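Read off the chains here:
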Amino acid sequence: MQDLVDAMGISRASLYDTFTDKESLFLKVLDRYDDWAYEELDACLKEFSSKLEGISIWFYRVVEQGSNRRHPGCLMVNSTVERALRDEDCAARSARNFRRSEEAYYNALAEAQMLGEISADRDLRPLARFLAGAIRGIRVSAKATSDYQTLKDIADIALSTLK
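Residues numbered from 1 in each chain as written. Predicted model: local features only at pLDDT ≥ 70, side-chain atom pairs only at ≥ 80, totals over all residues. Heavy atoms only, no water.

Peer 1: Would you take a moment to explain the packing of aromatic side chains for this structure?
Peer 2: Describing an aromatic ring pair means giving the distance of the ring centres and the angle of the ring planes. Applying the stated criterion across every chain yields a total of two aromatic pairs. Both rings, one in Tyr 33 and one in Trp 36, keep their centres 5.5 Å apart while their planes meet at 45°; by these two values the pair is tilted. Linking Tyr 33 with Trp 36, this pair stays in helix H3 (residues 22-47), spanning three residues, or about one helical turn. Aromatic pair Phe 59 and Tyr 105: ring centres 6.4 Å apart, planes at 55°, arrangement tilted. You can see Phe 59 sitting in helix H4 (residues 51-67) and its partner Tyr 105 sitting in helix H6 (residues 88-114), a full 46 residues away along the chain. Taken as a pair, Phe 59 and Tyr 105 share a single burial class, namely buried. (Phe/Tyr/Trp six-rings, centres within 6.5 Å; stacked < 30°, edge-to-face > 60°. Helix = DSSP H or I, 4+ residues; strand = E, 2+ residues; numbered from the N terminus. Buried < 20%, exposed > 50% of the residue type's maximum accessible area, 1.4 Å probe, protein only.)

Peer 1: Hey, could you run me through the packing of helix H5 (residues 75-83) against H6 in this one?
Peer 2: Packed helix pairs are specified by the crossing angle of their axes together with the interaxial distance, meaning the distance between the axes. Where H5 contacts H6, the axes come no closer than 10 Å and their chain directions differ by 140°. In this view, H5 runs oblique relative to H6, as classed from their interaxial angle. Every pair of crossing elements has a handedness; the one defined by H5 and H6 is left-handed. Mapping the contact onto sequence places Met 76, Ser 79, Thr 80 and Arg 83 in H5 and Cys 90, Arg 93, Ser 94 and Asn 97 in H6. For the contact of H5 with H6, the class distribution of residues is two nonpolar, four polar and two charged. (Axes fitted to C-alpha atoms, helices over the stretch in contact; angles between N-to-C directions. Parallel < 35°, antiparallel > 145°, perpendicular 65-115°, else oblique. Left-handed = near helix turned anticlockwise from the far one by under 90°. Contact = heavy atoms within 4.5 Å. Nonpolar A, V, L, I, M, F, W, Y, C, P; charged D, E, K, R; others polar.)

Peer 1: Looking at this structure, I do not really get the environment of Ile 135. What am I missing?
Peer 2: Mapped onto the elements of the fold, Ile 135 is located in helix H7 (residues 124-144). It is 7.5 Å that separates the C-alpha atoms of Ile 135 and Val 62, two residues lying 73 residues apart in sequence. Ignoring any residue separated from it by four or fewer positions in sequence, one finds Ile 135 in contact with Trp 58, Phe 59, Val 62 and Tyr 105.

Peer 1: So what exactly am I meant to see when it comes to the packing of H3 against H6 here?
Peer 2: It is at 10 Å that the axes of H3 and H6 come closest, and there the two elements cross at 10°. With respect to each other, H3 and H6 are oriented roughly parallel. Contact with H3, carried on its side by Leu 27, Leu 30, Asp 31, Asp 34, Asp 35, Tyr 38, Leu 41 and Leu 45, involves Asp 89, Cys 90, Arg 93, Arg 96, Asn 97, Arg 100, Ser 101, Ala 104, Tyr 105 and Ala 108 of H6 and no other residues of that element. Here the contact of H3 with H6 is composed, by residue class, of nine nonpolar, two polar and seven charged.

Peer 1: Before we go on, may I ask you to explain the nonpolar core in this structure?
Peer 2: By size, the foremost hydrophobic cluster in this structure holds 30 residues, and its most contacted members are Ile 55, Phe 59, Tyr 105, Leu 109 and Leu 162. Among the elements that take part in this core, H7 stands out by supplying nine residues, more than any other. Apart from the residues lying within four places of it in its own chain, the contact partners of Phe 59 are Tyr 105, Leu 131, Ala 134, Ile 135, Ile 138, Ala 155, Ala 158 and Leu 159. Leu 27, Leu 30, Met 76 and Cys 90 belong to the second-largest nonpolar core, a separate cluster that totals nine residues. (Core = buried A, V, L, I, M, F, W, Y, C linked by side-chain atoms within 4.5 Å.)

Below you can see the structure in the form of structure tokens.
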């Protein structure tokens, strides 16, 4: 907390007047991070006319981040792993984040299907859930290893399910 008040140039009392306590501040940060992360994912998926290319680019961005030991990782995934089983508020935010990313993948996959990039007989909902889970798996794996090839192999196999 001291680092925060020092960096912001405010008093501890001002911070607590605004956020009540550390937990409230943390939950606000998670909400803001979730909005930012969703916007980043959504922008990447919408950037490319090929939706499968957008999904691939996103996966390889996450691999790049994970292979960079100076990158702190994903706040949502880190918080989920550390707190979600014992903190209902954190668990609710984690579930919301998962649903939002699943929905972003689903929309991209539906567009890809309409464009003929994915077979019309593919069930997109489970595929979207798998992609959302695979990204989280890469982010957690990056905590154990920053080896680019290892993380890329995980991404390659996950992306191969789209073909």
